[in-house]
Amino acid sequence: MLNVLKNRTYRHLFAAQLVAIMGTGLATIALALLAYELAGDQAGLVLGTALTIKMISYVTIAPIASALAEGRPRRAWLISLDLIRAAVALALPFVDQIWQIYVLIFLLQASSAGFTPAFQATIPDVLSDEDDYTNALSLSRLAYDLESLLSPALAAALLTVMTFSTLFFGTALGFIASALLVLSISLPSPKPTKRRNIFDRTTRGIKLYLQTPRLRGLLGLSLCAASVSAMVLVNTVVMVRGELGLGEDTLAWVLASFGAGSMLAAVTLPKVLKRHSDRYVMFLGALMAIAAQALLALYISLAGLSLQSLMIAWFVTGAGYSTIQTPSGRLLRRSVMAADRPAIFAAQFTLSHGCWLLTYPIAGWLMTFYGTATALWGLIGLSMIGVAFAKLQWPKQSRAGQSLS
């Protein structure tokens with residue numbers, strides 16, 4: 001897997017991704033502490049609103065940003081958005097009103113909605129070999145999982161010698177380092193085959209996406225991934241602290257079990273995808289995650305929640321989640337020409353985050369009013385709807401042996 005880092009351009013891009021997401025991880029922790037300082041016991045409401053703003057900006061801004069970026073030098077576009085994100089991070093330590101948090105979070109996430117799809121679309125242009133690209137997707141998944149483990153530890157160490165607001169400066173340094181790494185390389189900027197108006201450019205990615213059977217299948221699997229992960233991300237704290245009565249350190253270990261499962265899947269997927277089709281592997285991942293949560297729901301009904309059962313279920317869920325998510329870039333890459341990749345990656349970014357915008361509040365609502373087992377079954381039901389839709393939309397191999405699209 002690490003052989004792909006021999007490519008200098010990709011190595012710099014991967015390093016840029018790594019420092020940027022580490023900075024973002026620090027900002028997440030600092031933002032929680034800032035919300036508590038400004039809002040006290042209402043901090044959860046502030047953070048919930050900020051998360052909603054994040055998802056809305058992702059869903060609405062990504063296709064518009066992709067349209068604005070079309071025809072522009074990709075390196076300059078990425079650097080500009082990194083610098084905007086750094087400027088927003090530098091402004092956050094000086095916030096003294098809750099509404100200012102909301103404005104800055106919208107600007108930060110709108111910039112990320114423009115940056116991330118363009119960045120993702122660049123990788124297949126840099127790595128033409130599919131095996132190399134698969135390894136890059138697995139490394140990217142590992143980077144996100146490592147960030148979820150390392151950022152809290154790094155933040156805890158830094159908070160022993162500095163105030164939480166200083167963490168925002170670390171976030172800004174991460175974005176500046178990302179911009180410098182992108183500046184240090186040359187990037188391809190495929191030109192569109194024809195000139196289109198702004199409305200056509202904005203909607204083109206969604207149209208291409210929905211016209212492609214395998215990508216409609218990917219949308220169904222994205223709903224499944226959002227459903228199983230929403231249960232983990234939204235409700236684990238209630239299960240560990242409220243139902244089990246355990247401490248914050250245990251919460252960290254339970255969330256780490258989800259990340260460990262995801263990392264294990266990311267490491268093994270390059271070899272698995274050489275032997276099996278993307279379709280087979282992604283559906284297998286969906287069934288793994290659904291089965292893990294269904295067995296946990298049954299166990300809770302029969303014996304009650306236990307720490308061991310929760311950690312095992314979240315480990316398997318993490319493996320299934322990563323197995324769904326990691327190969328998705330391969331489907332996007334092979335579905336369109338190079339010039340349309342930014343639009344199709346932006347469409348996936350928009351639609352997948354739309355799934356989370358749906359599942360996050362459902363997960364919280366079901367848990368609050370009906371309890372853990374019902375929340376699990378409700379999200380399992382959503383997951384199964386996603387899988388059923390994917391099976392209907394994404395056909396198996398044609399007679400010639402090629403995947404239909």
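Look up: the structure comes first, before these words.
Throughout what follows, the structure given in this document is the object of discussion. As the structure is a prediction and not an experimental result, all values here were calculated from the model.

To continue, consider the overall build of the protein. A tally of regular secondary structure across the protein gives 14 helices and zero strands. Mapped from its N terminus to its C terminus, the protein presents α and β elements in the order α-α-α-α-α-α-α-α-α-α-α-α-α-α. Taking 2.2 N^0.38 as the reference for a compact globule, 405 residues should give roughly 22 Å; the C-alpha atoms of the protein span a radius of gyration of 21 Å, in line with that estimate. Seen along its three principal axes, the alpha-carbon backbone of the protein occupies a region of about 60 × 55 × 40 Å.

Before going further, it helps to spend a moment on the packing of helix α3 (residues 74–91) against helix α4 (residues 98–126). The interhelical angle for the contact between α3 and α4, taken along N-to-C directions, is 150 degrees, at an axis separation of 9 Å. The pairing of α3 with α4 is recorded here as roughly antiparallel in orientation. Regarding α3 and α4, the two cross each other, and that crossing is left-handed. Seen from α3, the contacting residues are Arg74, Trp77, Leu78, Leu81, Asp82, Ile84, Arg85, Val88 and Ala91; seen from α4, they are Leu104, Leu107, Leu108, Ser111, Ser112, Gly114, Phe115, Ala118, Phe119, Ala121, Thr122 and Asp125.

Turning our eyes to something else, we now look at the pattern of salt bridges. Using the criterion set out here, one finds eight salt bridges in the structure. A salt bridge links Asp82 to Arg85; its shortest N-O distance comes to 2.7 Å. With Asp82 and Arg85 both in helix α3, this residue pair falls three residues apart, about one helical turn. Of the two residues, Asp82 and Arg85, both sit in the buried class. Across the pair Arg204 and Asp340 runs a salt bridge whose closest N-O atoms are separated by 3.0 Å. Of this pair, Arg204 sits in helix α7 (residues 198–211) while Asp340 sits in the loop between α12 (328–335) and α13 (341–370), and the two are 136 residues apart along the sequence. Where salt bridges share partners, they join Glu130, Asp278, Arg330 and Arg334 into one cluster.

Looking at the element boundaries, Trp394 is found in the segment after α14 (372–393). For the pair Trp394 and Phe315, spaced 79 residues apart in sequence, the C-alpha separation works out to 28 Å.

Attention now moves to α4. Helix length check: α4, at 29 residues, gives a terminal C-alpha distance of 42 Å against a target of 42 Å (1.5 Å per residue), a fit within 8%. With 22 of 29 residues buried, α4 lies mostly within the body of the structure.

Attention now goes to the packing of aromatic side chains. Two aromatic rings, taken as a pair, are described by how far apart their centres are and by the angle between their planes. Using the criterion set out here, one finds seven aromatic pairs in the structure. Ring centres of Phe258 and Tyr321 lie 5.7 Å apart, and the angle between their planes is 45 degrees; on these two criteria the pair is classed as tilted. In this pair, Phe258 sits in helix α9 (residues 248–275) while Tyr321 sits in helix α11 (residues 307–325), placing the two residues 63 residues apart along the sequence. Of the two residues, Phe258 and Tyr321, neither departs from the other in class, the shared state being buried. Aromatic rings pair up to connect Trp365, Phe369 and Tyr370 into one cluster.

Reading the values: the criteria
- Residues numbered from 1 in each chain as written.
- Predicted model: local features only at pLDDT ≥ 70, side-chain atom pairs only at ≥ 80, totals over all residues.
- Heavy atoms only, no water.
- Helix = DSSP H or I, 4+ residues; strand = E, 2+ residues; numbered from the N terminus.
- Rg over C-alpha atoms; globule rule 2.2 N^0.38 Å.
- Axes fitted to C-alpha atoms, helices over the stretch in contact; angles between N-to-C directions.
- Parallel < 35°, antiparallel > 145°, perpendicular 65-115°, else oblique.
- Left-handed = near helix turned anticlockwise from the far one by under 90°.
- Contact = heavy atoms within 4.5 Å.
- Salt bridge = Lys/Arg side-chain N within 4 Å of Asp/Glu carboxyl O.
- Buried < 20%, exposed > 50% of the residue type's maximum accessible area, 1.4 Å probe, protein only.
- Expected span 1.5 Å × (residues − 1).
- Phe/Tyr/Trp six-rings, centres within 6.5 Å; stacked < 30°, edge-to-face > 60°.

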